[in-house]
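What follows is the residue order along each chain.
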Amino acid sequence: MIDTDTSVRTDWTHTEITALFARPFLDLVYDAQTMHRRYHTPNQVQLSQLLSIKTGGCAEDCGYCAQSAKFAQDTGLKATKLMPLDAVLNDARTAKAAGATRFCMGAAWTRPKDKDLDQVIEMVEGVKALGLETCVTLGMLNQAQAQRLGAAGLDYYNHNIDTSPEYYKDIITTRTFDERLETLEHVRQANINVCCGGIVGMGETAEDRVGMIVSLATLPEHPGSVPINRLVRVAGTPLAHSDDIDDLDFVRTIAVARITMPKAVVRLSAGRETMNDSMQTLCFMAGANSIFYGEKLLTTPNPAANRDMKLLSRLGMTASA
Ligand code: SAM
Ligand code: DTB
Ligand code: SF4
């Protein structure tokens, strides 16, 4: 469908996005918050809870990831089999009771086998029946697999481009940037909402952050959900000692995502453990309106739910129903 709203553009250029990043900080954040209010309810944040349904032992070599079998000796993470349905549903019930509205299930696969997908589909159907939105991230999908997930009523599929096309090769060698775009296309064609973002703080340049946002904002349709992760440095991974991103540059990344993809829900994703309340507040000001909720991401810690609720209450913000 063609979007007739001229502020929703998929023809953003490097020059324009470089200029956005270079704006005075307060102007950028002001415009991001203004754009935010045009399309989203102010002072509201959506809560998604993650669960790793199959952990570790992954054949890919994503340099940031605790779950790659290539670094398992150094990360010490134990691989597990796919969780049974009832255990997943128990966790989903707990997440819902704590206030999450979306349950995101992640599996450390390059791509799911069809028999794995049968089980994931049962999980999607079970979680939906509890009244939660569903999201899964299972690696690459072919067209038929995406169609099956779509037919099962999956709400979102997460598949990140992670970084700029140029820097990507320094982070992952086992699959290409273009393969990621192919999966995203299969997901879009199956009428599943796309959740696609990236990671910053991986030693990338400012230019790479521009390239990452250009890639996201020029997809044929903007993702419905854009997670911006700040690298969680995991000991034993190749990126364990990479240069962190400056706090204000992180906030700028959120603001530029908000301005260039105005209708998307921008998620302040991994990395909140290293952010104090003021930093998270700046991210909300810059247009972030979703967080991962609950004390664990996939394999690494996340702020406790009561800390998040306290922050939202201090800010006069609410969780969306
Ligand atoms: N294996 C699937 C895949 O890579 O598509 C799904 C799971 S994978 C863990 C999902 C996403 O989490 C990655 O694409 C990456 O953007 C993010 N991620 C993984 N490890 C991270 C880390 N240490 N810090 C920040 N984000 C991370
Ligand atoms: C996303 O962009 N971030 C989430 C989710 N999508 C799957 C994952 C963050 C993982 C952080 C590292 C870990 O806990 O293993
Ligand atoms: Fe595997 Fe996904 Fe981790 Fe890459 S990010 S190593 S594909 S689990």
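Model, not experiment: these values are computed from the prediction.

Conventions we followed
- Counting restarts for each chain: residues are numbered from 1 in the order of the written sequence.
- Numbering of ligands from 1 and lettering of chains from A proceed in the order in which they are written.
- Thresholds applied to this predicted model are a pLDDT of at least 70 for local features of residues and 80 or more for the giving and counting of side-chain atom pairs; totals over whole chains, interfaces and linings are not thresholded and use all residues.
- Values shown for side chains rest on all heavy atoms present in the structure; no hydrogens or waters enter the calculation.
- Under the DSSP-based scheme used, a helix requires at least four consecutive residues in state H or I and a strand at least two consecutive residues in state E, with every element numbered from the N terminus.
- Radius of gyration here is computed from C-alpha atoms only, and the compact-globule reference equals 2.2 Å multiplied by the residue count raised to the power 0.38.
- Only protein chains enter the accessibility calculation, which uses a 1.4 Å probe. A residue is then buried if its area is under 20% of the maximum for its type, exposed if over 50%, and partly exposed in between.
- For the accessible areas, the method is Shrake-Rupley and the probe is 1.4 Å, while residue cover comes only from the protein chains on display.
- His is not counted, nor are the chain ends; Lys and Arg add positive charge and Asp and Glu add negative charge.
- The location of each charge is read from NZ of Lys, CZ of Arg, CG of Asp or CD of Glu.
- DSSP bridges decide pairing: two strands pair if at least two such bridges lie between them.
- By convention a crossover is right-handed if, when the strands point away from the viewer, the path from the first strand over the helix to the second runs clockwise.
- Fitted lines through C-alpha atoms serve as axes, helices being fitted only where they are in contact, and the angles separating the N-to-C directions of these axes extend from 0 to 180 degrees.
- Here the angle decides the label: under 35 degrees means roughly parallel, over 145 means roughly antiparallel, 65 to 115 means roughly perpendicular, and every other value means oblique.
- For a crossing to be left-handed, the near helix must be turned anticlockwise from the far one by less than a right angle; the clockwise case is right-handed.
- Here a residue-residue contact requires only that any non-hydrogen atoms of the pair lie within 4.5 Å.
- Nonpolar residues are Ala, Val, Leu, Ile, Met, Phe, Trp, Tyr, Cys and Pro. Charged residues are Asp, Glu, Lys and Arg, and all others, Gly as well, are polar.
- One heavy atom within 4 Å of a molecule or strand is enough for the residue carrying it to be called near that molecule or strand.
- Distance and chemistry together define a polar contact, namely a pair of N or O atoms within 3.5 Å, with one atom able to donate a hydrogen and the other to accept it when in protein, and with adjacent residues in sequence counting only for side-chain atoms on both sides.
- Throughout, the protein atoms alone are placed on a 1 Å grid, and a set of points is a cavity if a 1.4 Å probe fits but cannot get out or a pocket if it is open with protein on both sides within 12 Å along at least five of seven lines; lining residues have an atom within 4 Å of a point.
- Pocket occupancy is defined atom-wise: a molecule lies in a cavity or pocket when more than half of its atoms are within 2 Å of its grid points.
- When a carboxyl oxygen of Asp or Glu lies within 4 Å of a side-chain nitrogen of Lys or Arg, that pair is called a salt bridge.

Student: Looking at this structure, how should I read the overall build of the protein chain?
Tutor: Along its length, the protein chain carries 12 helices and 10 strands. For the protein chain, the C-alpha radius of gyration of 18 Å lies close to 20 Å, the compact-globule estimate for 321 residues. Along the three orthogonal principal directions, the C-alpha set of the protein chain runs to about 50 × 40 × 40 Å. Taking all 321 residues of the protein chain together, 56% fall into the buried category. For the protein chain, the computed accessible surface area is about 13,800 Å², with 52% contributed by carbon and sulfur atoms. Here the protein chain carries 32 positive and 38 negative side-chain charges, and the mean point of each set is 5 Å from the other.

Student: How do you make sense of the pairing of strand E7 (residues 225-230) when you look at a structure like this?
Tutor: Successive residues of a regular strand alternate their side chains across the two faces of the sheet. Within E7, 6 of the 6 residues are buried, leaving the element largely enclosed by the surrounding structure. Judged from the 4 bridges that link them, E7 and strand E8 (residues 265-268) form a sheet pairing that is parallel. Note on E8: the bridge partner recorded for Ile228 is Leu268. Handedness of the β-α-β unit built from E7, helix H10 (residues 247-260) and E8 comes out right-handed.

Student: Help me understand the packing of H10 against helix H11 (residues 277-285) in this model?
Tutor: Describing two packed helices takes the angle between their axes plus the distance from one axis to the other. It is the contact of H10 with H11, at a shortest axis distance of 8 Å, that shows an interaxial angle of 25°. In terms of orientation, H10 lies roughly parallel with respect to H11. Crossing of H10 over H11 shows right-handed handedness. For the pair formed by H10 and H11, the contact residues are Asp247, Leu248, Phe250, Val251 and Ile254 on the first element and Met279, Leu282 and Cys283 on the second. Of the residues belonging to the contact of H10 with H11, the class tally is 7 nonpolar, no polar and 1 charged.

Student: Could you clarify how one ought to interpret the site of ligand 1 in this entry?
Tutor: Lining the immediate environment of ligand 1, one finds 16 residues, of which Tyr64, Thr137, Asn160, Asp162 and Val232 sit closest. Here a nitrogen atom of ligand 1 and a backbone polar atom of Tyr64 are 3.2 Å apart. At 3.0 Å from a nitrogen atom of ligand 1 is found a main-chain nitrogen or oxygen belonging to Val232. Against a free-state accessible area of 550 Å², the protein chains account for coverage of 90% of ligand 1. Spatially, ligand 1 is embedded in the largest cavity. Class assignment of the residues belonging to the shell around ligand 1 gives a composition of 8 nonpolar, 6 polar and 2 charged.

Student: Got a minute to help me understand the side chain of Lys54 in this structure?
Tutor: Structurally, Lys54 is set in strand E1 (residues 44-54). Within the buried core, Lys54 has no salt-bridge partner, and the shortest N-O distance to an opposite charge, that of Asp116, equals 8.1 Å. A distance of 2.8 Å separates a polar atom in the side chain of Lys54 from the backbone oxygen of Gly56. Setting aside residues no more than four positions away along its own chain, Lys54 makes contact with Gln67, Thr80, Lys81, Leu82, Gly106, Ala107, Ala108 and Trp109.

Student: Help me understand the environment of Met83 in this model?
Tutor: Positionally, Met83 belongs in the loop between helix H3 (72-75) and helix H4 (85-98). When the C-alpha atoms of Met83 and Asp27 are compared, they prove to be 47 Å apart, with 56 residues separating the residues in sequence. Among residues more than four places away in sequence, those in contact with Met83 are Leu51, Ser52, Ile53, Val88, Asp91 and Met123.

Student: Got a minute to help me understand the pattern of salt bridges in this structure?
Tutor: Where charged atoms of side chains with opposite charge meet at close range, the side chains can pair. Tallied over the entire structure, the rule returns 19 salt bridges. Among the salt bridges present, the one from Glu60 reaches Arg175, with a minimum N-O distance of 3.6 Å. You can see Glu60 sitting in the loop between E1 and H3 and its partner Arg175 sitting in the loop between helix H7 (165-171) and helix H8 (177-189), a full 115 residues away along the chain. Under the relative-accessibility criterion, Glu60 is labelled buried at 6%. Overall, Arg175 belongs to the buried group, its relative accessible area being 9%. By sharing partners, the salt bridges in this structure join Glu204, Arg209, Asp249 and Arg252 into a single network.

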